[in-house]
Amino acid sequence: MEKREYRYELHCHTKDVSRCAKSYAGDAVRFYKERGYDGIVITDHYSPQTFLFHKAFCPHRFTKHYLRGYYAAKAAAGEDFTVLLGCEVRFFGTIDDFLIYGIDEDFLKTSGNLMSMYLKRLFRLCEEKGLILLEAHPFRELRFRHNPDYLHGCEVFNGKDKGKPANERAEKWAKDCNFSVVTSGGDFHDKDDTNPGGIITDEPIKTNEDLLRILRSGNYRLIK
């Protein structure tokens, strides 16, 4: 019998939460199901643009607001499609983004304001909680590369940068830094997006524990 392969998108935004997104969570689920994916990680923006005004200073009090896209995607997914929770963090006063994998609702409620942290502190928190912290699209225009000592890896392919030098430069940087984890992500914002990304695995991913284990093992292939 032919061996089964599984596809998972690791970078997905929803209009339910991310103000820059144009498609709701249900649209995202349908988009990836139609393309033969087996699941997605919802990585809505955890940034001042998401938590406007007073909410940006106490985001842990508004976790339900942040989780709307995740909840909606779960509701639309059904039993045969995995939806996991992640996030894309941006610190106050910056435009650089960091992806966190393995989080749950409790992490968002009890970790304080991630936007007010700096990279070293966020990395230590992720180490303490057993999470994976990556720099997203590190060579996108006007972005800076950060200290690799405080990262587990980086996104080496981003669908919005397909065909641009940014992805090639990210891949080279990852090799130079000897990162243990590299990923691909479509950076989904709209159902009209044409360049989904993600990973291909030989085993299904059903939980955050599965995702973290597979990413750390390197037993996957990148979708580019």
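Here the structure is a predicted model, which means the values were calculated and not measured.

Things to note about the overall build of the chain
Helices and strands together make up the secondary structure of the chain, namely seven helices and 10 strands. Radius of gyration (C-alpha) of the chain: 16 Å, near the 17 Å computed for a compact globule of 224 residues. Across its three principal axes, the chain shows a C-alpha extent of roughly 55 × 40 × 30 Å. Here the chain holds 224 residues, and the buried ones make up 56% of them. When contacts within the chain are restricted to residue pairs at least 6 apart in sequence, long-range pairs at least 24 apart make up 70% of them. A total accessible area of about 10,800 Å² is found for the chain, and carbon and sulfur atoms account for 48% of it. Across the chain, 35 positive and 34 negative side-chain charges occur, with their mean positions spaced 3 Å apart.

Looking at helix 3 (residues 68-77)
Buried residues of helix 3: Gly69, Tyr70, Ala73 and Ala77, and no others. For helix 3, the buried positions fall inside an angular range of 100 degrees around the axis, keeping them on one side. Residues of helix 3 that are buried sit in contact with helix 1 (25-34), strand 2 (39-42), helix 2 (63-66), strand 4 (82-89) and helix 4 (105-110).

What about the side chain of Asp96?
Examined against the element boundaries, Asp96 turns out to sit in the loop between strand 4 and strand 5 (98-101). A polar atom in the side chain of Asp96 sits 3.1 Å from the backbone nitrogen of Phe144. At 2.9 Å, the side chain of Asp96 forms a polar contact with the side chain of His146. Residues contacting Asp96, with those up to four places away along its chain left out, are Val89, Arg90, Phe91, Arg143, Phe144 and His146.

Remarks on the pattern of salt bridges
Tallying each qualifying case throughout the model produces 14 salt bridges. In this structure, Arg4 and Asp38 form a salt bridge, with 2.8 Å as the shortest nitrogen-oxygen distance. With Arg4 in the segment before strand 1 (6-12) and Asp38 in the loop between helix 1 and strand 2, this pair connects stretches of sequence that are 34 residues apart. By relative accessible area, which is 43% here, Arg4 ends up partly exposed. Of the residues examined, Asp38 reaches a relative accessible area of 10% and is grouped as buried.

Some thoughts on the packing of aromatic side chains
By the definition in use, this model includes 13 aromatic pairs. Judged by centre distance (5.2 Å) and plane angle (80 degrees), the rings of Trp173 and Phe179 are edge-to-face. Residue classification places Phe179 among the buried residues on the basis of a relative accessible area of 12%. Cluster of aromatic residues (ring-pair linked, three or more members): Phe31, Tyr32, Tyr37 and Phe188. Over the ring of Phe31 we find Arg35; its NZ or CZ atom is 3.7 Å from the centre of that ring.

Some words on the environment of Gly186
In this structure, Gly186 sits in the loop between strand 8 (181-185) and strand 9 (198-201). Classification of Gly186 by relative accessible area gives buried; the value is 5%. Spatially, the C-alpha atom of Gly186 lies 17 Å from that of Leu211, the residues being 25 residues apart in sequence. Setting aside residues up to four positions removed in sequence, Gly186 forms contacts with Glu9, His11, Gly159, Lys160, Asn195, Pro196 and Gly197.

Some points on the side chain of Asp44
Mapped onto the fold, Asp44 is located in the loop between strand 2 and strand 3 (45-46). Although Asp44 lies buried, it forms no salt bridge, and the closest oppositely charged side chain, Arg68, sits 8.3 Å away as judged by the N-O distance. Here the side chain of Asp44 touches Ser18 through a polar contact of 2.7 Å, side chain to side chain. If we skip the residues at most four places from it in the chain, Asp44 touches Cys12, His13, Thr14, Val17, Ser18, Tyr66, Gly69, Cys87 and Glu88.

The rules behind the values
- Within each chain, residues carry numbers counting from 1 in the order of the written sequence.
- The predicted nature of this model means local features are confined to residues of pLDDT at least 70 and side-chain atom pairs, given and counted, to a pLDDT of 80 or more, with totals for whole chains, interfaces and linings taken over all residues.
- Excluding hydrogens and water, the side-chain figures rest on all heavy atoms present in the structure.
- Per the convention used, a helix needs a DSSP run of H or I reaching at least four residues, while a strand needs a run of E reaching at least two, with both numbered from the N terminus.
- Just to be clear, the radius of gyration here is over C-alpha atoms, and the globule rule we use is 2.2 Å times residues to the power 0.38.
- Whether a residue is buried, partly exposed or exposed follows from its accessible area with a 1.4 Å probe, protein chains only, as a fraction of its type maximum: under 20%, in between, or over 50%, in that order.
- Here, two residues are considered to be in contact whenever any of their heavy atoms come within 4.5 Å of each other.
- Per-residue and other accessible areas were derived by the Shrake-Rupley procedure at a 1.4 Å probe size, with only the shown protein chains allowed to occlude residues.
- His is not counted, nor are the chain ends; Lys and Arg add positive charge and Asp and Glu add negative charge.
- Throughout, a charge is located at the NZ atom of Lys, the CZ atom of Arg, the CG atom of Asp or the CD atom of Glu.
- Think of it as the arc spanned by the lines of direction from the helix axis to the C-beta atoms.
- For the purposes of these results, a polar contact is taken to be a pair of N or O atoms within 3.5 Å, where, inside protein, one atom must be able to donate a hydrogen and its partner to accept one; residues adjacent in sequence count only when each atom of the pair is a side-chain atom.
- By definition, a salt bridge exists where a carboxyl oxygen of Asp or Glu is found within 4 Å of a side-chain nitrogen of Lys or Arg.
- Aromatic pairs are defined between Phe, Tyr and Trp rings, using the six-membered ring for Trp, whenever the two ring centres lie within 6.5 Å; interplanar angles under 30 degrees are classed as stacked, those over 60 as edge-to-face, and all others as tilted.
- The criterion is that NZ of a Lys, or CZ of an Arg, lies within 6 Å of the ring centre and within 35 degrees of the ring normal, and then a charge sits over that ring.

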